[in-house]
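These are the residues of each chain, in order.
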Amino acid sequence: MEFAELVIVFAVTITLSNIASRILPMIPAPLIQIFLGIVLGLTKWGQSINFEPELFLVMIIAPLLFREGEKADISSILKNFDTILFLAFGGVILTLVGVGVTLSFLLPSVPIAACFAFGAALGPTDAVAVSSLSGRVNIPKKAMHILEGEGLLNDASGVTAFQFALSALITGSFSAVHAGFSLVISSIGGAIVGFLLVWVKRKVINLIEKASARDVTGYLLIELLLPFLAYVLAEVFDVSGIIAAVAAGILQASGFRKITVFDAELSSLSNSTWTTIAFTLNALVFIFLGIELTQVFSPVWGDGVYPNGLLLATILLISVILFVIRFVSISLFYIFKDGFENCKKQLNEILILTFGGVKGTVSLATIFILPFSINNMMFYQRSLLLFLTAGVILVTLIVGIVVLPMLTETEEAKSTDLNALMILEEVVAILKSEMKQLDKDSKEFLATDAVIENYQERIRDLYLADLSDDEKQEVQEIQALILSIERDGLDESFRSGKLSANGYRFYSRFLSNFEHSITSQFLSFIGFWFIFVRRLIRIILHPKMFWERRHSDRQTFISEKDIQEIRNTYQKNTQLIIESLENLTDVYDETMVDFFIQQRKIQGIKMVSGNLISAWLIQQDSLFSKRMLRGYYLERKIVDEYEEAEKITTFSANIYRKNINLLESYTMNKPTDNFSFRFALRKRRKPLSEAEMNDSNEK
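Residues numbered from 1 in each chain as written. Predicted model: local features only at pLDDT ≥ 70, side-chain atom pairs only at ≥ 80, totals over all residues. Heavy atoms only, no water.

Per an unreviewed UniProt entry, the chain goes by Sodium:proton antiporter and derives from Enterococcus durans. For the chain, the Subcellular location (unreviewed entry) comment in UniProt is given as "Cell membrane". (UniProt positions renumbered as here; feature names shortened; annotations may be inferred.)

Written out as structure tokens, the structure reads:
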């Protein structure tokens, strides 16, 4: 039961870290996960955790490196292979020596082999940590490819170097010649194991296909087993399991890809599964870091063996040494490769590569491998080295957060994608022309009108996506204010008896959909207050209404009286919203405020005519999905025409098609909405036919 509790606690913690990183994109996800790990470490669950160092390599590092190898852009890596090779191997060796000597000088009581193991653990950079530093950092493609390629190779070289240093620590002997020869043999042997494993896997797949036993789930499970099998088999033959996992990942991605429905489904499922696994494993490592900090902080910080000031100075000095070694080595390499004059022109790239060398997952997971005892004697410096590693990781992350935005171009508001707008507007124009051929009182007319509104909302979203961060914040605050006024007015109408339970529930569902459209990310405290805090207060003060909205009978017909009450409440809220917005012209941009006022007036006109409620209701009908698919067909057709006319590139066309496919798949797979009001759409001029009435009731 304790293990089950621990699994649930970790699952909840990882989920919270994901949510928090989306809500607060300015804070890197690793820092959030470390904080949650510290909080978890103070609980009984965190205090009961005993780490098994050997499991880190096979259960976390191997699958992470396999996935990095599978996603690697090999062509871009080969273009910068000389720089990547130097950083991946030369950089790791220089870091091992430089950091090891520095630590030995500062803390002479730590064995020299342990100091070198510490340096080897801090050798690898973490591309995941780099990319998560800030959503506003735009690292140039060349620099990013170098960092990614370095992270792919130096993970293997760093862990291998650490293992040799650890062997020297345990045995007390070390030979540079033997270590170098063993490194070469171990690397080549690991690559061979990875190659052979992928070759065997493909033969097994061929046998399965010949037996007509293809299955997406089975194929995915085989792929998920590859990194673990690669590592374990390589270790059995006493070669590098890390390099075997990397090689298996690269070869797995380099195979011939068939263009079939089965392979497309497998690829989609594999990508989504690996994305979840990679995030989970990375999150686990940083959560473990937070937990480990709580476990090693007290014995290291308060044991009196080393002054606390010396510990902090050691962390800061080693962090400085890491960046200095990296800057000097990269600069010398660029001078040797391109000459001094060209090196000066590439100074910004050198600085980005220097401060992009932050430490993260691999460094932490590697240092965990240090044993608790050596030759049956307690290794007391283990906690010290874990503490120092955690401190250096935090410092490098913080330095990266501060420095990288200064070296890279800040994210500017992108220009509106005019081609995407023109495509959507052409779809709207075609649908409007088709509406002219339909009876204005028919369900087809209402469904088409709702589809047009959906496309117009996508057009508005395109404009919104191109606003600056400050403008997006203003838009969300205005929308949050509108939502708050709507909810207050809705609750007041229900409490005063001016709105029935059916009307209240229907209106609440409309507001919930509106809320979901504006809360993908909280951009300000004001938006958070209006959307979340006030709603929570409302639930606490009026739990009966919340319960009424959630648990009332959902199979009740909406009467004409309900519709009229909804219309009256909406009109009253509209008046309050317009009055409130008119008083905000001195606070927000006047043009933006005027846009929301005009939009609300247009919706008010639709409400009076009955079109707005009809549009809400028709979206629960299968006919709406059919008309949406018609829109996607037209959109795809227009994209093809634009590509043939060379108005857009093939790359852009494929991006548009991918988005259309996602929307189309979502529409086709969307389950029947739980909001199952059985409402017979009343025609403004004539009643529904008996067949239509029966069809509506069946739905």
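> For this particular structure, what's the right way to read the overall build of the chain?
Check the secondary structure of the chain and you find 30 helices and four strands. Burial status across the chain gives 47% buried among its 699 residues. Across the chain, every contact between residues at least 6 apart in sequence was considered, and the portion connecting residues at least 24 apart equals 81%. (Helix = DSSP H or I, 4+ residues; strand = E, 2+ residues; numbered from the N terminus. Buried < 20%, exposed > 50% of the residue type's maximum accessible area, 1.4 Å probe, protein only. Contact = heavy atoms within 4.5 Å.)

> When you look at the nonpolar core in this model, what are you seeing that I'm missing?
A general trend in soluble globular proteins is that nonpolar side chains are found buried together. Ranked by internal contacts, the top residues of the largest apolar core, which has 97 residues, are Phe-118 and Phe-162. Ignoring sequence-local partners within four residues, the contact set of Phe-162 consists of Ala-117, Ala-120, Ala-121, Thr-366, Ile-367, Ile-369 and Leu-370. Of all hydrophobic cores here, the second largest spans 29 residues; its members include Leu-424, Phe-624, Leu-634 and Ile-660. (Core = buried A, V, L, I, M, F, W, Y, C linked by side-chain atoms within 4.5 Å.)

> Looking at this model, I keep getting lost on the packing of aromatic side chains. Mind explaining?
Think of a pair of aromatic rings as described by two things: how far the centres are apart, and how the planes are tilted against each other in angle. Across all of its chains, the model carries seven aromatic pairs by this definition. Where Phe-323 meets Phe-355, the ring centres are 5.1 Å apart and the plane angle is 35°; that geometry is what we call tilted. One end of the pair, Phe-323, is in helix H14 (residues 308-338); the other, Phe-355, is in helix H16 (residues 347-355), and 32 residues separate them in sequence. On the basis of relative accessibility, which here comes to 11%, the residue Phe-323 falls in the buried class. Seen from their ring centres, Phe-595 and Phe-596 are 5.4 Å apart, and the 75° between their planes marks the pair as edge-to-face. The exposure class of Phe-595 is partly exposed, given its relative accessible area of 43%. (Phe/Tyr/Trp six-rings, centres within 6.5 Å; stacked < 30°, edge-to-face > 60°.)

> How should I be thinking about the UniProt feature "transmembrane region" (unreviewed entry) in the chain in this particular structure?
In the UniProt entry, the feature "transmembrane region" (unreviewed entry) is given for residues 86-105, 176-200, 220-253, 273-297, 309-335, 350-372, 384-407 and 518-537. For residues 273-297, the helix share is 100%, the strand share is 0%, and the end-to-end C-alpha distance is 36 Å.

> How should a negative patch on the surface be read in this particular structure?
There is a patch of like negative charges on the surface, built from Asp-470, Glu-471, Asp-586, Asp-589, Glu-590 and Asp-594. Elements with a contribution of two residues or more to the negative patch: helix H21 (469-495) and helix H26 (590-609). One can find Asp-586 in the loop between helix H25 (560-582) and H26. (Patch = residues over 30% accessible without salt bridge, like charges linked within 9 Å, V, L, I, M, F, W, Y side chains within 5 Å. Areas by Shrake-Rupley, 256 points an atom, 1.4 Å probe, with all protein chains shown as cover. Salt bridge = Lys/Arg side-chain N within 4 Å of Asp/Glu carboxyl O. Lys, Arg positive; Asp, Glu negative; His and termini not counted. Charge placed at Lys NZ, Arg CZ, Asp CG, Glu CD.)

> How should unusual backbone geometry be read in this particular structure?
Negative phi is the rule for most residues except glycine; trans is the rule for most peptide bonds. A positive phi angle, near 60°, is found at Asp-238, a position not held by glycine. Locating Asp-238 in the fold gives a position in the loop between helix H11 (216-236) and helix H12 (241-253). Residue Asp-238 is classed as exposed on the basis of its relative accessible area, which comes to 67%.

> Just checking my understanding: could you explain the packing of helix H6 (residues 81-106) against H14 for this structure?
It is at 9 Å that the axes of H6 and H14 come closest, and there the two elements cross at 145°. For the crossing formed where H6 meets H14, the hand is right-handed. Across the contact of H6 with H14, the residue classes tally to 15 nonpolar, six polar and three charged. (Axes fitted to C-alpha atoms, helices over the stretch in contact; angles between N-to-C directions. Left-handed = near helix turned anticlockwise from the far one by under 90°. Nonpolar A, V, L, I, M, F, W, Y, C, P; charged D, E, K, R; others polar.)

> Teacher, can you tell me more about the side chain of Arg-657 here?
You can see Arg-657 is positioned in helix H29 (residues 650-669). Within the structure, Arg-657 has its side chain in polar contact with the side chain of Asp-640 (distance 2.9 Å). Of the polar contacts made by the side chain of Arg-657, one reaches the side chain of Glu-643; its length is 2.2 Å. Not counting chain neighbours up to four residues away, the residues in contact with Arg-657 comprise Val-639, Asp-640 and Glu-643. (Polar contact = N/O pair within 3.5 Å; in protein donor to acceptor, adjacent residues only side chain to side chain.)

> Mind showing me how you'd approach the pattern of salt bridges here?
Note that side chains of opposite charge can pair when their charged atoms are close. As enumerated under the stated definition, the model contains 13 salt bridges in all. Salt-bridge contacts for Arg-67 lead to Glu-70; the nearest nitrogen and oxygen are separated by 2.9 Å. Highlighted residues: Arg-67 and Glu-70, both in helix H4 (residues 53-71), separated by three residues, approximately one helical turn. Look at Arg-67 and you get buried, because its relative accessible area is 10%.

> Is there a simple way to explain the packing of helix H2 (residues 29-41) against helix H18 (residues 381-407) in this structure?
For any two helices packed against each other, one specifies the inter-axial angle together with the distance between the axes. Where H2 meets H18, the closest approach of the two axes is 11 Å, and the angle between their N-to-C directions is 145°. In terms of crossing hand, the pair formed by H2 and H18 is left-handed. Together, Pro-30, Leu-31 and Ile-34 of H2 and Leu-394, Leu-397 and Ile-401 of H18 make up the contact between the two elements. Its residues placed into classes, the contact of H2 with H18 shows six nonpolar, no polar and no charged.

> What's the story with the side chain of Thr-83 in this structure? I'm lost.
Tracing the backbone shows Thr-83 in helix H6. Engagement of the side chain of Thr-83 in a polar contact is seen with the side chain of Lys-337, the distance being 3.3 Å. Beyond its immediate chain neighbours, meaning those up to four positions away, Thr-83 contacts Ile-146, Phe-333, Tyr-334 and Lys-337.

> I tried to follow H25 on my own but got confused; where do I start?
Along an α-helix, residues three or four positions apart point the same way, because every turn accommodates 3.6 residues. The end-to-end C-alpha distance of H25, which contains 23 residues, comes to 33 Å, matching closely the 33 Å that a straight helix rising 1.5 Å per residue would cover. Residues of H25 that are buried: Asp-562, Ile-563, Glu-565, Ile-566, Arg-567, Thr-569, Tyr-570, Asn-573, Thr-574, Ile-577, Ile-578 and Leu-581. (Expected span 1.5 Å × (residues − 1).)

> It is not clear to me how the confidence of the model for the chain should be interpreted in this structure. Could you clarify?
Note: predicted coordinates in regions of low pLDDT should not be interpreted at a detailed level. Taken residue by residue, the chain gives an average pLDDT of 78. The fraction at 70 or more is 82%. Ignoring residues within four places in sequence, the model shows residues 552-556, a span with pLDDT below 50, making 15 contacts including any to other chains. (pLDDT = per-residue confidence, 0-100.)

> What is the right way to look at a nonpolar patch on the surface in this model?
Where nonpolar side chains cluster on the molecular surface, the patch consists of Leu-317, Val-320, Val-324, Phe-327, Val-328, Leu-332, Ile-335, Phe-340 and Leu-347 and spans about 740 Å² of accessible area. Broken down by element, the residue count for the nonpolar patch peaks at seven residues, all from H14. If you trace the backbone, Val-320 turns up in helix H14. Under the relative-accessibility criterion, Val-320 is labelled partly exposed at 46%.

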